[in-house]
Amino acid sequence: GGALRRVAGLLRPGGDLWINHFASREAINEFHAGLDRAVRDHLIPPDEDVHRLLRDAGFTVVSHRQDDPGYRLHAVKAGTPGPETADGGSGGEQRPRQ
């Protein structure tokens, strides 16, 4: 949850979060479990837990697919997007959204 909140803090309202793996959740978790202690517990939780963690961090899940050969999740930070600016949102000249 903490990492997702940090990511949410970096995104503008309406900003996209994508999580993509070229293997299934089960394959990723199995691979991580066999690694060093530093990443052994870095597992992808069950779908319901992932969705709850994202909701708690201020995201709305747009799509979530698990199939062979991958895991794909798209979520959007809650809120209405503001106008884009030339300097990435911290002020300056506005440019139209494309």
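The shown structure was predicted, so the numbers you read here are calculated from the model rather than taken from an experiment. (Residues numbered from 1 in each chain as written. Predicted model: local features only at pLDDT ≥ 70, side-chain atom pairs only at ≥ 80, totals over all residues. Heavy atoms only, no water.)

(A) Quick look at the pattern of salt bridges. Applying the stated criterion across every chain yields a total of 3 salt bridges. In this structure, Asp56 and Arg52 form a salt bridge, with 3.8 Å as the shortest nitrogen-oxygen distance. Remark: Arg52 and Asp56 occur in helix 4 (residues 47-56); sequence separation between them is 4 residues, near one turn of the helix. On the basis of relative accessible area, Arg52 is assigned to the partly exposed category, the value being 36%. Here the residues in one salt-bridge network are Asp49, Arg52 and Asp56, joined through shared partners. (Salt bridge = Lys/Arg side-chain N within 4 Å of Asp/Glu carboxyl O. Helix = DSSP H or I, 4+ residues; strand = E, 2+ residues; numbered from the N terminus. Buried < 20%, exposed > 50% of the residue type's maximum accessible area, 1.4 Å probe, protein only.)

(B) View of the sheet that holds strand 1 (residues 16-21). Read across the open sheet, the 3 strands follow the order 1-3-2; overall the sheet is antiparallel. Edge positions in the sheet fall to strand 1 and strand 2 (59-67), since each of these pairs with one other strand and no more. On average, adjacent strands in this sheet sit at an angle of 10° to one another, irrespective of strand direction. (Pairing = 2+ DSSP bridges. Axes fitted to C-alpha atoms, helices over the stretch in contact; angles between N-to-C directions.)

Coordinates in, geometry out; function isn't part of it.
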